[in-house]
Amino acid sequence: METNIKNNKLIEEVSDQVKNNLMQAIEKITPWFFSALHTFYYQMTPKDEQIEHLHTVLSLKQTNVPAATLQSADGSKITYISVRSQANELLEALNSLSDSNIRGATMHTSREGDYLAVHTFFTETSALDKNDPKNAETLTQVRELLSDMPEEKKLRAEKFINGLDSQYLKRYDTPRLHAHIQFFMEIEDYETVFSLNNERDEQYTRISLCTINPPATGYLYQVAKIFHLHDVKINRMYVNIVELDDNEEVVFITAYGQDKDGNKITEDSVLWQRMRLAIKAVKWVMEDELSNLAKVDEKVFSVRKANLIRATAVFVHQFLSKLEKERYTYEVIKKSFLRHENITELLTDYFYTKFNPTTKDVCPHCGTSSDQRAVDMKRIRTQLKEHMRQLMHFIDKGVFNAALKFIDNILKTNYFIEDSIGLAFRMDPEVLDSSVYEAKPFGFFFFFGRGYKGYHIRFEDMSRGGLRLVRSRDSEHYDLESTRVFDEVYGLSSAQQLKNKDIPEGGSKGILLLQPGVEVKQSVECAIDSLLDLLITNEKGNLHPRIVDYYGKEEIIYLGPDENVTDDRINWIVQRAKNRNYKYPNAFMSSKPGVGINHKQYGVTSHGVNVYVEACLEYLKIDPLTEPFTVRMIGGPDGDVAGNELKILINSYPQVKIVAISDGGGAAYDVKGLNHKELLRLVDESKSIIEFKPSLLSKNSQNFVVSANTIDGRQIRDELQVSNRIKTDLLIPAGGRPNTINIDNWQMSLDENNVPVFNAVVEGANLYLTNDARYKLEEMGVVVIKDSSANKGGVICSSYEIIASLILSEEEFLDIKAQYVVEVVDILEEKARKESKLLFREYKMKKKPLTTLSAEISVEINELTDILKAYIRKDIENSDKIERYHRLLKSHCPAILVEKYSDRIIENIPREHQLSILASQIASHIVYREGLGWVKSLNYNNIPELVDVYLDQDLLVIDYIHKILASDLPGKEVIAKILDRNARKELTREALHETE
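Keep in mind the model is a prediction, meaning the values are calculated, not measured.

Undergrad: Please clarify how the overall build of the protein chain should be interpreted in this entry.
TA: Tallying secondary structure elements over the protein chain gives 35 helices and 22 strands in all. Considered along the principal axes of its C-alpha atoms, the protein chain spans approximately 140 × 80 × 70 Å. When each of the 996 residues of the protein chain is scored for burial, the buried share is 57%. The long-range share in the protein chain, meaning contacts at least 24 apart out of those at least 6 apart in sequence, stands at 69%. Surface exposure of the protein chain reaches about 44,200 Å², of which carbon and sulfur atoms provide 49%. If you average the places of the 125 positive and of the 148 negative side-chain charges in the protein chain, the two averages end up 2 Å apart.

Shown next, in the form of structure tokens:
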């Protein structure tokens, strides 16, 4: 009993003491809490939440714990409260939310006295109740303030209003909302706009920024980190997000801060200029270990410089990984830059010295001497080499040598354009190792940005080729594609160079490799915009004033759509080129919906492929109109080349049996041939082969339709592409990935008796077979028509689309489009027919592999084109030949263009393009008609003179033939045929002999 009394007394004493302590704390802390933060906190925060925050502060103070985090029951609101000042306290709070999609935030710290920070983050938004009278009144008032805006701007402002949430109107009154809308209207494209106000607060500068579509996660952390790195003390900060109705969102960040000395920040201060540039740049970079280079307290390694090193690491990894894949991983390369910051800093100094547009005595293209720049570059390069010589590890030496080589071979870059949204570098092809890349391209671009990297390679000054988007399934897939993306672009553009022998443009290709989960639209737009940065010139032919140009010539790029480049992206690319005043916007990207020639709609590539299908069948002594033949096809009914080739086969040859088809979705096989009507249904509805109705298969246990969504189905699909179980007359790869049949698996195309399971391959897809696999199959008796011959119809069509876009307005093109397309298809079929005849003629005579002959035809035409282009460039103004050149230019064009717009062919097509048309047309005409090696066989050193003589004899023979056919001479058709086959070369030989 006595013990209980003592315990009760102790409890009472302790309880009183705790109560007294708590009351003292409450009496002391409560008034302080309700005055420590800015009044906006108390206005914006509901009373019950303020009380909860006060409870937390009391608890932290009493327990000597520095910070606590509160979270609402549904997780949509997270509040971080701290009572102990730390330099990076805000960063720690934001870093803990790095994976959260923050939809709004209010951050407050005490203005003076004891430290207090209350930061609230919202991860969800609540819809605005527009029927609420107060909300309705606010919106009405705002619309009245916007009533004087132009209609276009008013519509955009209305999108903003429709995207407001309930929190937004709780925080801001009508004037502030109106100000936000006006601020938003200042944004053009993807830029970030800023405002500094030193009148709003007595102690702090109000820093406002507004941007569209920043990264979904981590952006606020990156902005706060920039404030921290620049020693800017933030007193309070507010984040508001407005979702527009077309997959855009607007982010407002308003921060109140002062510099490290407690002063306000001014517009003209170095501090503000650095921060503004860093905030602009941070939107377009991916945080990684190299972000740690950005340290202001030591040497200034800005966000932009860190991103330059990131781009350098990507480029270096591309080529070093070919030497030793396991040693030179991307992670190892980044560590080299981090481990040797002094050398990394010298690298950026060297780059800045070479390309900084503000350097005095810049370069000749900017109008002054470049002596000082050259002297400074030499000095820094010497320092770099000395530091690199002292490196102990060969990996580090390899990394920095490759990085220096990268910078040495950059000819121009958009790095110093303030509002650039992605990096682009025009590279000198001398950067490539000639032992690896034997054929040097004319030039290439390297692109690097948030979530993507890529290359565009061209083999002639004026080239065209597709832009392909490669989307990564996951990190493993991205890493795999990363190591081979340049080689894929190189291989495709090299193949395109061979393929483009019939047209004025050389071969090119572009690929953007996208990281998993990135926004495709934004990645494409960033890369295209950065390319335009390096192409667009003013009236005087000069690039942007912040580009130092070591190339010094205008560049014209023609693109076309390839994998994953959809109609909306095509339209955007063309419109963007127009908006930025690119000289030839309609020619910048072909296949524009409506005003272009859609390859899939008109089946242009397949028309060329089918010319070779018929040529192979003729060689195999199969008459497709009267005899059955079998086909295995790679690529499905929903594909461009495959779908259209299926239509041509089924509609043209009633007895064709298409026994097997595989595509991305799966595969189908029918030993008696897949049902024609069902295949045409899938083509018309643009559906995968997995949609083939199994009930329409013939009765045979071996037949199947499988989906590649399962492991077993994917294995069956993949095996079907190289299987030796299916025997056919033709294999037509009209889709699929490059190098599917290669030196390691080509033997899977042989049966148990070592006999090929197909008699001919018409390679409608680029690089489906590797060159060594082609040769192996040819050794076994297979007729192989390689891609550069078989599928050139698409590039020929695009070339003629470019010509139309250079000459006609969109309205004029639409007026003649139907006839124009018919004539273009006729032209491309005729060009394919001429090559196929030469190919099989040479094959029968020389017994060389068709793979070799196809390449030799391309090389001979291209070499002759180059010789003639150089000659015609000097000769085109020759008054004696101007009529000939004009006639040849017009003969290259579709008849309807000549009929309606003859003068524009001469006036509107750029001179360089005209030279290429003339040279390629003459070269291909001679080689196709007279055969491989004929020009060289004449042993005449002056090739241009030889060609001049030939063209004279060509006209003479045409005249003879017309006269003979118009006469009553017996056997005139036979005589005309003999003349057409042999007279030109004999007359040329005789005329050259007479001049010697």
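Undergrad: Whenever I open this one, the packing of helix α11 (residues 303–323) against helix α12 (residues 330–339) confuses me. Can you help?
TA: In a pair of packed helices, the angle between the axes and the distance between the axes together describe the arrangement. At their nearest, the axes of α11 and α12 sit 9 Å apart, and the two run at 135° to each other. On the basis of their axis angle, the class for α11 and α12 is oblique. Considering only the axes of α11 and α12, their crossing is right-handed. On α12, the residues that touch I309, R310, T312, A313, V314, V316, H317 and L320 of α11 are Y330, I333, K334 and F337. Tallied by class, residues from the contact of α11 with α12 come to eight nonpolar, two polar and two charged.

Undergrad: What's the story with the pattern of salt bridges in this structure? I'm lost.
TA: Under the criterion given, the structure shown has 62 salt bridges. Residue R681 pairs with E678 through a salt bridge whose shortest N-O separation is 2.7 Å. Within this pair, R681 and its partner E678 are both found in helix α23 (residues 676–684), separated by three residues, close to a single helical turn. Residue R681 is classed as partly exposed on the basis of its relative accessible area, which comes to 22%. Residue classification places E678 among the buried residues on the basis of a relative accessible area of 4%. We note a salt bridge from K848 to E856, for which the minimum N-O separation is 2.8 Å. Note on E856: relative accessible area 25%, which makes it partly exposed. By sharing partners, the salt bridges in this structure join R468, E488, K509, D562, E563 and R737 into a single network.

Undergrad: Just to check I follow, could you spell out the nonpolar core for this structure?
TA: Here is a general trend for soluble globular proteins: nonpolar side chains tend to be buried in one another's company. With 99 residues, the main nonpolar core has L649 and Y820 as its most contacted residues. With residues near it in sequence (within four places) discarded, L649 still touches N610, V613, F629, V631, M633, V656, I658 and I732. Judged by nonpolar contacts, the second largest core, of 62 residues, contains F351, I410, Y415 and V485.

Undergrad: Explain the domain arrangement of the protein chain to me, please; I cannot follow it from the model alone.
TA: A common way to express how large an interface is: the accessible area buried when the components associate. Examined at the domain level, the protein chain breaks down into domain 1 (1–121), domain 2 (125–283), domain 3 (284–364 + 377–403), domain 4 (414–592) and domain 5 (604–938). The C-alpha-based centres of domain 1 and domain 2 are spaced at 29 Å. Taken together, the contact between domain 1 and domain 2 spans 24 residues of the former and 23 residues of the latter. Where domain 1 abuts domain 2, roughly 2,100 Å² becomes buried across the two surfaces, and 56% of that area is made up of carbon and sulfur atoms. Per-residue buried area on domain 1 facing domain 2 is highest for L91, R103 and R111; these three make up 34% of the total on that side. Between domain 1 and domain 2 we count two salt bridges in total. The interface formed by domain 1 and domain 2 includes eight residue pairs in polar contact (both at pLDDT 80 or more). Mapped by element, the contributors of at least two residues to the side of domain 1 that touches domain 2 are α2 (39–44), α4 (89–95) and β3 (104–109). With six residues, the top contributor of residues to the side of domain 1 that touches domain 2 is β3.

Undergrad: Looking at this structure, I do not really get helix α28 (residues 810–846). What am I missing?
TA: Residues spaced three or four apart along an α-helix face the same direction, because each turn holds 3.6 residues. The axis of α28 is deflected most strongly, by about 65°, at K817. Looking one or two places after α28, you find K847, whose phi comes out positive at around 60°.

Undergrad: What's the story with the sheet that holds strand β21 (residues 758–762) in this structure? I'm lost.
TA: Note: strands within a sheet are paired through backbone hydrogen bonds, in either parallel or antiparallel orientation. Taking strand neighbours across the sheet as the criterion, the seven strands line up as β19-β18-β17-β16-β20-β21-β22 in an open arrangement whose pairing is mixed. With one partner strand each, in any of the chains shown, β19 (704–707) and β22 (783–785) form the two edges of the open sheet. Taking the axes of each pair of neighbouring strands and ignoring which way they run, one obtains an average angle of 20° across the sheet. Note that strand β17 (residues 656–662) and strand β18 (residues 666–669) share three bridges and pair antiparallel. Its bridge partner being in β18, I661 is matched across the sheet by A668. Here helix α24 (residues 711–722) sits on the sheet in contact with β16 (629–634), β17, β18 and β19, set at roughly 120° to β19.

Undergrad: Hey, could you run me through the packing of aromatic side chains in this one?
TA: The way to describe two aromatic rings as a pair is by their centre distance and the angle between their planes. The final tally for this structure, using the stated rule, is 45 aromatic pairs. A ring pair is formed by F183 and F252, whose centres lie 6.4 Å apart and whose planes are at 35°; its orientation type is tilted. Of this pair, F183 sits in helix α8 (residues 174–185) while F252 sits in strand β8 (residues 249–258), placing them 69 residues apart in sequence. With respect to class, F183 is no different from F252; both count as buried. Both rings, one in F194 and one in W272, keep their centres 5.7 Å apart while their planes meet at 85°; by these two values the pair is edge-to-face. Taken as a pair, F194 in strand β5 (residues 193–197) and W272 in helix α10 (residues 270–282) lie far apart in primary sequence, 78 residues in all.

Undergrad: How should the sheet that holds strand β6 (residues 205–212) be read in this particular structure?
TA: Read from one edge of the open sheet, eight strands run β1-β2-β4-β3-β7-β8-β6-β5, paired in antiparallel fashion. With partners counted over all chains shown, the strands left at the sheet margins are β1 (67–71) and β5, one partner each. Between one strand and the next, the sheet's axes are offset by a mean angle of 10°, whatever the strand orientation. Where strand β2 (residues 77–82) meets strand β4 (residues 117–122), six bridges bridge the pair, whose relative direction is antiparallel. Opposite K77, over in β4, you have F122 as the bridge partner. Sheet contacts for α8: β5, β6, β7 (233–243) and β8; angle to β6, the most-contacted strand, approximately 55°.

Undergrad: What exactly am I supposed to notice about a nonpolar patch on the surface here?
TA: There is a patch of nonpolar side chains on the surface, built from L22, M23 and I26 and spanning about 240 Å² of accessible area. Within the fold, M23 resides in helix α1 (residues 2–36). Residue classification places M23 among the partly exposed positions, given a relative accessible area of 44%.

Undergrad: What exactly am I supposed to notice about the environment of G454 here?
TA: Examined against the element boundaries, G454 turns out to sit in strand β12 (residues 452–458). When its relative accessible area of 0% is taken as the criterion, G454 is described as buried. For the pair G454 and V282, spaced 172 residues apart in the sequence, the C-alpha separation amounts to 20 Å.

Undergrad: Sorry if this is basic, but what is going on with the state of the cysteines here?
TA: By definition, a disulfide is the covalent link that joins the sulfur atoms of two cysteine residues. The final tally for this structure, using the stated rule, is zero disulfides. Free of any disulfide, C210 has its nearest cysteine sulfur in C526, 17 Å distant. Judged by relative accessible area, C210 falls into the buried class, the value being 0%.

Reading guide: rules and limits
Residues numbered from 1 in each chain as written. Predicted model: local features only at pLDDT ≥ 70, side-chain atom pairs only at ≥ 80, totals over all residues. Heavy atoms only, no water. Helix = DSSP H or I, 4+ residues; strand = E, 2+ residues; numbered from the N terminus. Buried < 20%, exposed > 50% of the residue type's maximum accessible area, 1.4 Å probe, protein only. Contact = heavy atoms within 4.5 Å. Areas by Shrake-Rupley, 256 points an atom, 1.4 Å probe, with all protein chains shown as cover. Lys, Arg positive; Asp, Glu negative; His and termini not counted. Charge placed at Lys NZ, Arg CZ, Asp CG, Glu CD. Axes fitted to C-alpha atoms, helices over the stretch in contact; angles between N-to-C directions. Parallel < 35°, antiparallel > 145°, perpendicular 65-115°, else oblique. Left-handed = near helix turned anticlockwise from the far one by under 90°. Nonpolar A, V, L, I, M, F, W, Y, C, P; charged D, E, K, R; others polar. Salt bridge = Lys/Arg side-chain N within 4 Å of Asp/Glu carboxyl O. Core = buried A, V, L, I, M, F, W, Y, C linked by side-chain atoms within 4.5 Å. Domains from an automatic or database assignment. Buried area = accessible area lost by both parts, 1.4 Å probe. Polar contact = N/O pair within 3.5 Å; in protein donor to acceptor, adjacent residues only side chain to side chain. Bend = angle between axes of the 7 residues up to and from the residue. Pairing = 2+ DSSP bridges. Phe/Tyr/Trp six-rings, centres within 6.5 Å; stacked < 30°, edge-to-face > 60°. Patch = residues over 30% accessible without salt bridge, like charges linked within 9 Å, V, L, I, M, F, W, Y side chains within 5 Å. Disulfide = S-S within 2.5 Å.

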